Amino acid sequence: MEAQNGGGGGAPVVLNVYDLTPMNNYLYWFGLGIFHSGIEVHGMEYGFGAHEFPTSGVFEVEPKSCPGFIYRRSVWMGTTNMSRTEFRSFIENLAGKYNGNAYHLISKNCNHFTDDVCKNLTRKSIPGWVNRLARVHFSTASYQKASKFLQSDTSLLILRFLMMIWIQYLHQLLGTVMWKSWTSTCCHQTSIL
């Protein structure tokens, strides 16, 4: 482990990444996916989630066992020289900036929280693929229009249409045998085409 993590002292800082959808099994290989992440320090994992109250949405769980998500992998981020007590104080202060009712899937989500923690502890950002969906969306010129559109039924129809085009492309690319296997496991809804 010493060679893997680059040596040095201090407490390990590890990013634990979870799948939000089984579709990630397919999207992951194309550099896409919808992920939850938590940050593991001093033997506990910390995450950020939504609720309807103006109180902290930061929570603590056993590492690699965040309820409601499927653990995918861990990413070594470095070490911190903060003691357990110093870290606890740091996370409590940071938690005040992450209220559950301020959670936003695109602009203030769990991955923004873990990125904030990582930057403070290791001076490194989390890997770009973990929060790519939010970054791509946030970079659009008309953020508010895009956000409203993504919450509409129209966006769901367009997404299904694009997914069917993608599936047809995969069918041609992968062949009939893999096509039948893939569609039987992930495409249970009626096509809009």
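Residues numbered from 1 in each chain as written. Predicted model: local features only at pLDDT ≥ 70, side-chain atom pairs only at ≥ 80, totals over all residues. Heavy atoms only, no water.

1. Some thoughts on the sheet that holds strand β1 (residues 11-19)
Pairing in this open sheet of 5 strands is antiparallel, and the strands run β4-β3-β2-β1-β5 from one edge to the other. Of all the strands in the sheet, the pair left with one neighbour each is β4 (58-61) and β5 (70-80). Across this sheet, the average inter-strand angle for adjacent strands is 25°, counted without regard to direction. Strand direction decides the pairing type here: β1 and strand β2 (residues 35-41), joined by 7 bridges, are antiparallel. In the sheet register, Val13 faces β2, and the bridge partner there is Val41. The strands touched by helix α2 (residues 84-95) are β2, β3 (44-48) and β4; relative to β3, the strand with the most contacts, the crossing angle is about 10°. Those strands touched by helix α3 (residues 110-122) are β1, β2, β3, β4 and β5, and its axis lies near 30° from that of β2. (Pairing = 2+ DSSP bridges. Helix = DSSP H or I, 4+ residues; strand = E, 2+ residues; numbered from the N terminus. Axes fitted to C-alpha atoms, helices over the stretch in contact; angles between N-to-C directions. Contact = heavy atoms within 4.5 Å.)

2. So, the pattern of salt bridges
Between side chains of opposite charge, pairing is possible as soon as their charged atoms come close. Tallying each qualifying case throughout the model produces 4 salt bridges. Salt-bridge contacts for Arg72 lead to Asp19; the nearest nitrogen and oxygen are separated by 2.8 Å. Of this pair, Arg72 sits in strand β5 while Asp19 is found in strand β1, placing the two residues 53 residues apart along the sequence. The closest approach of N and O atoms between Glu60 and Arg88, which form a salt bridge, is 2.6 Å. Within this pair, whereas Glu60 is found in strand β4, its partner Arg88 is found in helix α2, the two being separated by 28 residues in sequence. By relative accessible area, which is 39% here, Glu60 ends up partly exposed. A single salt-bridge network, built from bridges that share partners, covers Glu60, Arg88 and Glu92. (Salt bridge = Lys/Arg side-chain N within 4 Å of Asp/Glu carboxyl O. Buried < 20%, exposed > 50% of the residue type's maximum accessible area, 1.4 Å probe, protein only.)

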